[in-house]
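Listed here are the chains, written in short residue letters.
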Amino acid sequence: IDETISSPDLNERTPRWSAVSTVAVVVALVLGAVVGWFVGGRSDDGNTEVPAENVELVEEWAEAVRAEDVRRISELYHEDAVWYDEAGDDRFSGVSGAYKGWNIFGVIDGVTAVDVIAVGADHAAVRWTFGLHYSDEGITGVSLLDLGGDLITAETVYYDSAQAP
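Values in this document were obtained by computation on a predicted structure and should not be read as measured data. (Residues numbered from 1 in each chain as written. Predicted model: local features only at pLDDT ≥ 70, side-chain atom pairs only at ≥ 80, totals over all residues. Heavy atoms only, no water.)

**Quick look at the packing of aromatic side chains**
In this description, an aromatic ring pair is defined by two values, namely the gap between the centres and the angle between the planes. Put simply, the test is: Here the aromatic set is Phe, Tyr and Trp, taking the six-membered ring for Trp, and pairing holds for ring centres within 6.5 Å; pairs whose planes are under 30 degrees apart are stacked, those over 60 apart are edge-to-face, and all others are tilted. Put simply, DSSP H or I for four residues or longer makes a helix, DSSP E for two residues or longer makes a strand, and each gets a number counted from the N terminus. Working definition: with a 1.4 Å probe on protein chains only, accessible area under 20% of the residue-type maximum means buried, over 50% means exposed, and in between means partly exposed.
Throughout the structure, instances matching the rule amount to 6 aromatic pairs. Each ring, one from W102 and one from W128, has its centre 6.3 Å from the other, and the planes form 75 degrees; the classification is edge-to-face. Of this pair, W102 sits in helix α4 (residues 94-102) while W128 sits in strand β4 (residues 123-132), placing them 26 residues apart in sequence. In this structure W128 comes out as buried when scored by relative accessible area, which is 4%. The structure contains a cluster of three or more aromatic residues connected by ring pairs, namely W61, W102, W128, F130 and Y159.

**Things to note about the confidence of the model for the protein**
Convention followed: A score from 0 to 100, pLDDT tells how confident the predictor is in each residue. The contact criterion used throughout is that any non-hydrogen atoms of two residues lie within 4.5 Å.
Within the protein, residue pLDDT values average 77, and 68% of them lie at 70 or more. Confidence, read as mean pLDDT per element, is least for helix α1 (residues 19-39) in the protein (42) and greatest for helix α2 (residues 52-66) (95). Predicted confidence is poor over residues 13-35, with pLDDT under 50, and the contacts of this stretch with residues over four places away or in other chains come to 3 contacts.

**A word on the nonpolar core**
This is how it is decided: We call a set of buried Ala, Val, Leu, Ile, Met, Phe, Trp, Tyr and Cys residues a nonpolar core when their side-chain atoms join them within 4.5 Å.
Core analysis: the biggest nonpolar cluster contains 27 residues, and W61, Y77, W102 and L145 have the highest contact counts within it. Of all the secondary-structure elements, those providing two or more residues to this core are α2, α3 (70-74), β1 (77-85), α4, β4, β5 (135-148) and β6 (151-159). No other element matches α2, which puts 6 residues into this core. If sequence neighbours within four positions are ignored, W61 has contacts with I73, L76, Y77, W102, V126, S143, L145, I152 and E155.

**Topic: unusual backbone geometry**
Even without being a glycine, E68 presents a positive backbone phi close to 55 degrees. In this fold, E68 is placed in the loop between α2 and α3. Even without a glycine there, the phi angle at D89 is positive, about 55 degrees. Here D89 is to be found in the loop between β1 and β2 (90-93).

**Describing the side chain of S143**
Just so we agree on the cut-off: Think of a polar contact as two N or O atoms within 3.5 Å of one another; within protein, one of them needs to be a possible hydrogen donor and the other a possible acceptor, and neighboring residues in sequence only count if both atoms come from side chains.
In this structure, S143 sits in strand β5. The class of S143 is buried, set by a relative accessible area of 0%. Reaching out from S143, the side chain makes a polar contact with the side chain of W128 at a distance of 2.9 Å.

See below:
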């Protein structure tokens, strides 16, 4: 038996994980936590119950959008709210900013659908479709709402900008 063969020194092993693998795992874990937090209705403080006033606020917002009532929509926003259009890269602040952001009803051909997808402890997701004068398909987008107290504190709007009026 050859006595010179020894087991490898564990401190001298080549790492199996590259930096890219580590980053990928961290990103996957963070995304999983965010999705679980949102879908599970978990708020920043760990609360998993969805307050009834959040559901009422989002339903009231959805009804105001269906009614194309810009004033009623904007009154549901906090005075320090931020409204952000991801596709158009527009950012507005406050109640007047929400009014500017939602003052689109003159250029669309009616609201086709507004569907509340999810309401959480401090977030909501709503899908909407508006008719367009120049297209049979219309434009569909999603609004992600941040909720605070009895008002909307932020909204980020996503849609296909190629369809936009």
